[in-house]
Amino acid sequence: MTTDASTTDLTTTAGLLSAIEDPHGREIHDPATGEVVGRTREGSPAEIEAAVAAARKAQPAWAATSAQERSELLNQAADAIEASAEALAELLSREQGKPLNGPNARFEVGACAAWLRANAAFELEPEVLVEDGETHAELHYRPVGVIGAVGPWNWPMMISVWQFAPALKMGNTVVLKPSEYTPLSVQALVDVVNQALPADVLSVVPGDGAVGAALTGHADIDKIMFTGSTKTGQAIMRSAADSLARLTLELGGNDAGIVLEDADPAAIAGDLFWGAFINTGQTCAAMKRLYVPESLYDQVCQALVEVAGASPMGVGLEEENVLGPLQNKQQYDIVAGLVQAAKDGGARVLTGGDPVAEQPGYFYPTTLVADIDNDNPLVSEEQFGPVLPIIKYTDLDQAIEWANGLEVGLGSSVWGTDLDACRKVAARLQAGSTWINKHGAVDPRIPFGGVKKSGFGLEFGLEGLKHVSVPHVISW
Ligand code: NDP
């Protein structure tokens, strides 16, 4: 049995773990060292049943509080996260693998608090649709009800907050199902946040894909928020047909970056690198293929090799590291296989590409690949790791066609000094977001979502609140 979180010191990693660990549960291993981080209890479809029923019972009272009261509680939840920040970051680093430093574990915990505070500050007012003296019509946003949220292992805490912060703000209650690879981080986060919230407004049921399916297929779930693979997103959409649960699906992508002729390679190299290698490349909206004009090709390649060489990879708790291991063996094998495909296709490895065979962790070296064909699998498939293929182009129209040539469309970016020229290219890209001279720069105020097989529905900002609401038009 686990210890009661209300009597445990949640500002230490040991305290966080003691509140959630099941001594007989499944071992969770540090992907950097193979050491046991803790033992997670495993939930079950029966536990989903109980959690959904409790969330349903708690929802009317939660929705009856004022938006201001809910905002105050979200701010208190952010205070609680900040009080436990270092402990949460250490647990996240050990379970997920990401270093404490760089745009990694401390950054992720900081984003959790920031997203809660941003949602606390948003005010979604009714919209007056018609007011002409004879007819008045206004659009109100009501809570959907009970939201089931299923998350991935790459940014387990932050993506959970992306899902539950707007949902709670709008008066919904939420049941979370974290990835089986990162259950401890999400359970610890929920314990910390729940210090501020009433009972059963937010709960978490750890478990495997079958537990996730029990949640997303539950007849009493009003809305599903899912972040993960396209394949699972499709399965969830099928299972939601019976309940007609509303959906927000964030299904990853294969983001392109296009460098224009007037870009300054030295000036953009750092941002290009981190646009691709944030969280060791395990980020849905990371740049996963880079198109560079022939005139700048060697300079961009060289500048990226220099940044890579100055960005240490290693065990997360060692402060000097800014890149970590792949989170799991499955992902390691995907990345290794795709780099091998690039080598087999005659591409030139600029750095990396030579993993150490015998090592305790799933470390794949930072890898930059040049002179690669656009149809090589390393370009056309989402590698989700510390690898960037750099494709040479001579014709901008061709580069745009290549960028748009896949079935997915989450993020994209354009890099150059002439903002108007960048904006013209941006307007031609098929993606939910296009950044100029940055990549993957999510902001709680700015809506984010995908097109094509990257999914649908928006998160963040007022649009994000609307997506966890149902419309109600009142007219007279
Ligand atoms: P999945 O889509 O399999 O898993 C995401 C979440 O869905 C997990 O919590 C998983 O549980 C759960 N799940 C699995 N099956 C079902 C189901 N039938 N119904 C409801 N929930 C379910 O992603 P993977 O972790 O397997 O990663 C595979 C690929 O997805 C990666 O290689 C990467 O390309 C992409 N990905 C994209 C992410 C993004 O941010 N968009 C994040 C992570 C991965 P469990 O983990 O227990 O199986």
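Residues numbered from 1 in each chain as written. Predicted model: local features only at pLDDT ≥ 70, side-chain atom pairs only at ≥ 80, totals over all residues. Heavy atoms only, no water.

## Considering the pairing of strand S1 (residues 21-29)
The condition is simple: Pairing between two strands is assigned when DSSP locates at least 2 bridges connecting them. Think of it this way: any DSSP run of H or I at least four residues long counts as a helix, any run of E at least two long counts as a strand, and we number them from the N terminus.
Sheet analysis places S1 next to strand S2 (residues 36-40), joined by five bridges and oriented antiparallel. Residue Glu21 lies in a different strand from S2, and its bridge partner there is Thr40. From the end of S1 to the start of S2, which pair antiparallel, there are six residues, and Gly34 there has a positive phi angle of about 85 degrees.

## Let's talk about the domain arrangement of the protein
The extent of an interface is frequently quoted as the accessible surface area lost upon association of the parts. The condition that has to hold: Here the bounds of each domain stem from an automatic or database domain assignment. What counts as buried area is the accessible surface, traced by a 1.4 Å probe, that two parts surrender upon association, with contributions from both included. Salt bridge criterion: a side-chain nitrogen from Lys or Arg within 4 Å of a carboxyl oxygen from Asp or Glu.
Considered domain by domain, the protein is made up of domain 1 (5-251 + 454-475) and domain 2 (255-442). Centre-to-centre separation of domain 1 and domain 2, based on C-alpha positions: 30 Å. Overall, the association of domain 1 and domain 2 removes approximately 2,400 Å² of surface from exposure, summing both partners, and the carbon and sulfur fraction of that is 60%. Three residues stand out in domain 1 for area buried against domain 2, namely Pro31, Trp153 and Ser454, and they jointly supply 23% of the buried area on that side. For the pair domain 1 and domain 2, the number of links is one salt bridge.

## Considerations on a negative patch on the surface
For the record, the criterion: Residues enter a patch when their relative accessible area is above 30% and they make no salt bridge; the linking distance is 9 Å between like charges and 5 Å between nonpolar side chains (Val, Leu, Ile, Met, Phe, Trp, Tyr). Residue-level accessible areas treat just the shown protein chains as cover; the underlying method is Shrake-Rupley with a 1.4 Å probe. Residues scored as positive are Lys and Arg, those scored as negative are Asp and Glu, and His as well as the terminal groups of each chain are ignored. For this purpose, a charge sits on NZ of Lys, CZ of Arg, CG of Asp or CD of Glu.
On the surface, Glu261, Asp262, Asp418 and Asp420 cluster together into a patch of negative charge. Mapped onto the elements, Glu261 comes out in the loop between strand S10 (255-259) and helix H10 (265-277).

## A few points about the nonpolar core
The condition that has to hold: Nonpolar cores were defined as sets of buried Ala, Val, Leu, Ile, Met, Phe, Trp, Tyr and Cys residues, with membership established by side-chain atoms within 4.5 Å. Burial status follows relative accessibility: with a 1.4 Å probe on protein chains alone, a residue under 20% of its type maximum counts as buried, one over 50% as exposed, and anything between as partly exposed.
Formed by 70 residues in total, the largest nonpolar core has its most connected members in Ile81, Leu88, Leu116, Phe164, Val174, Leu176 and Leu189. Formed jointly, this core draws a minimum of three residues from each of two domains, domain 1 (5-251 + 454-475) and domain 2 (255-442). Core analysis: the next-biggest nonpolar cluster, separate from the first, contains 27 residues, Leu338, Val387, Ile391 and Ala399 among them.

## Quick notes on the site of the ligand
In plain terms, the rule: Put simply, a residue is near a molecule or strand once any heavy atom of it comes within 4 Å of that molecule or strand. Pairs of N or O atoms within 3.5 Å make up the polar contacts considered here, provided that, within protein, one atom can donate a hydrogen while the other can accept it, and that residues adjacent in sequence are counted only when both atoms are side-chain atoms. Each residue gets one label: Ala, Val, Leu, Ile, Met, Phe, Trp, Tyr, Cys and Pro are nonpolar, Asp, Glu, Lys and Arg are charged, and the others, such as Gly, are polar.
Near the ligand, the surroundings consist of 30 residues, among which Gly151, Trp153, Ser229, Gln331 and Glu382 are the closest. In this structure, an oxygen atom belonging to the ligand sits 2.9 Å away from a side-chain N or O atom of Glu180. The contact in question runs from an oxygen atom of the ligand to an N or O atom on the backbone of Gly209, over 3.4 Å. Here the ligand, which alone exposes 870 Å², has 86% of that area covered by the protein. Of all the secondary structure elements, the ones that give two or more residues to the shell around the ligand are helix H8 (209-216), strand S8 (223-227), helix H9 (230-243) and helix H12 (329-344). No other element matches H8, which puts four residues into the shell around the ligand. Its residues assigned to classes, the shell around the ligand shows eleven nonpolar, 14 polar and five charged. Taken together, domain 1 (5-251 + 454-475) and domain 2 (255-442) each give at least three residues to the shell around the ligand, which thus spans both.

## Side note on the sheet that holds strand S17 (residues 435-436)
Spelled out, the test is: Any pair of residues with heavy atoms lying within 4.5 Å of one another is described as a contacting pair. Every angle, taken between N-to-C directions, lies between 0 and 180 degrees, and every axis is a line fitted to C-alpha atoms, over only the stretch in contact when it is a helix.
Strands sit in the order S12-S13-S14-S11-S10-S16-S17 across an open sheet of seven strands; the sheet is mixed. Every other strand in the sheet has two partners, leaving strand S12 (348-351) and S17 as the edge strands with one partner each. Sheet topology note: the strand S11 (residues 287-293)/strand S14 (residues 387-393) ladder contains four bridges and is parallel. Within S14, the position partnered with Pro293 by the bridge is Tyr393. On top of the sheet, H10 reaches S10, S11, strand S13 (367-370), S14 and strand S16 (412-415); it is set at about 145 degrees to S11, its chief contact.

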